[in-house]
Amino acid sequence: QLKMPLFSKTHFRSGKKPVKRKSVSLSNISSLDESVYSVNDLKLESGPLTLRLGEHELMFNKGQWISPSKDGPVLGSTDLQQEHKQVMEENNLLKFKIELLLDMLAASNADNYVLQKELESLKKQSKKH
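I will try to describe carefully the structure that is included in this document. (Residues numbered from 1 in each chain as written. Predicted model: local features only at pLDDT ≥ 70, side-chain atom pairs only at ≥ 80, totals over all residues. Heavy atoms only, no water.)

## As for the sheet that holds strand β1 (residues 49-53)
The pairing of strands in a sheet happens through backbone hydrogen bonds and is either parallel or antiparallel. Reading across from one edge, β1-β2-β3 is the order of the three strands in this open sheet, with antiparallel pairing throughout. Bordering the open sheet on either side are β1 and β3 (64-66), each of which pairs with just one other strand. Taking each pair of neighbouring strands and ignoring which way they run, the sheet shows an average axis angle of 30°. Looking at chain direction, strand β2 (residues 56-61) and β3 are connected through three bridges and run antiparallel. (Pairing = 2+ DSSP bridges. Helix = DSSP H or I, 4+ residues; strand = E, 2+ residues; numbered from the N terminus. Axes fitted to C-alpha atoms, helices over the stretch in contact; angles between N-to-C directions.)

In structure tokens form, the structure reads like this:
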């Protein structure tokens, strides 16, 4: 019988208890200088998201950016929506025109094919006579 000292029961009977180690936090929040950051700065707020760019302020509420001084969406967004709608309508019209032109081209090609076959048959008949 082969004994392996690493896994034998006698190896663990030394009587010594393992040394308890001090737990180390992985976050660096505890090491922040409190004069620079307050605990309230690190908390998540459940209110609407606000954005300040220079003297302009916007608030994101219910899926739209809103200016706090006005109740409606941000100036210019309705203009963009209207322009988007107009461009989409123009795009649909152009698609319709392309389909119409393709149908006209197919009909013209079919007519041309029929006329070529008719011309060939007339040439054959004229050669026989």
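## With respect to the pairing of β2
Taken together, the five bridges between β1 and β2 define a ladder with antiparallel strand orientation. Within β2, the residue paired with Thr50 across the bridge is Met59. Linking β2 to β3, which pair antiparallel, is a turn of two residues; within it Lys62 sits at a positive phi near 55°.

## Some thoughts on the pattern of salt bridges
In the structure shown here, the tally under the stated rule is one salt bridge. For the salt bridge of Glu57 with Arg52, the shortest nitrogen-to-oxygen distance reads 3.6 Å. Overall, the relative accessible area of 62% leaves Arg52 in the exposed class. (Salt bridge = Lys/Arg side-chain N within 4 Å of Asp/Glu carboxyl O. Buried < 20%, exposed > 50% of the residue type's maximum accessible area, 1.4 Å probe, protein only.)

## Re a nonpolar patch on the surface
A cluster of nonpolar side chains, Leu49, Leu51, Leu53, Phe60 and Trp65, forms an exposed patch at the surface whose accessible area comes to about 460 Å². Among the elements that make up the nonpolar patch, the one with the highest residue count is β1 (three residues). Along the chain, Leu49 turns up in strand β1. Exposure remark for Leu49: the relative accessible area of 52% places this residue in the exposed category. (Patch = residues over 30% accessible without salt bridge, like charges linked within 9 Å, V, L, I, M, F, W, Y side chains within 5 Å. Areas by Shrake-Rupley, 256 points an atom, 1.4 Å probe, with all protein chains shown as cover.)

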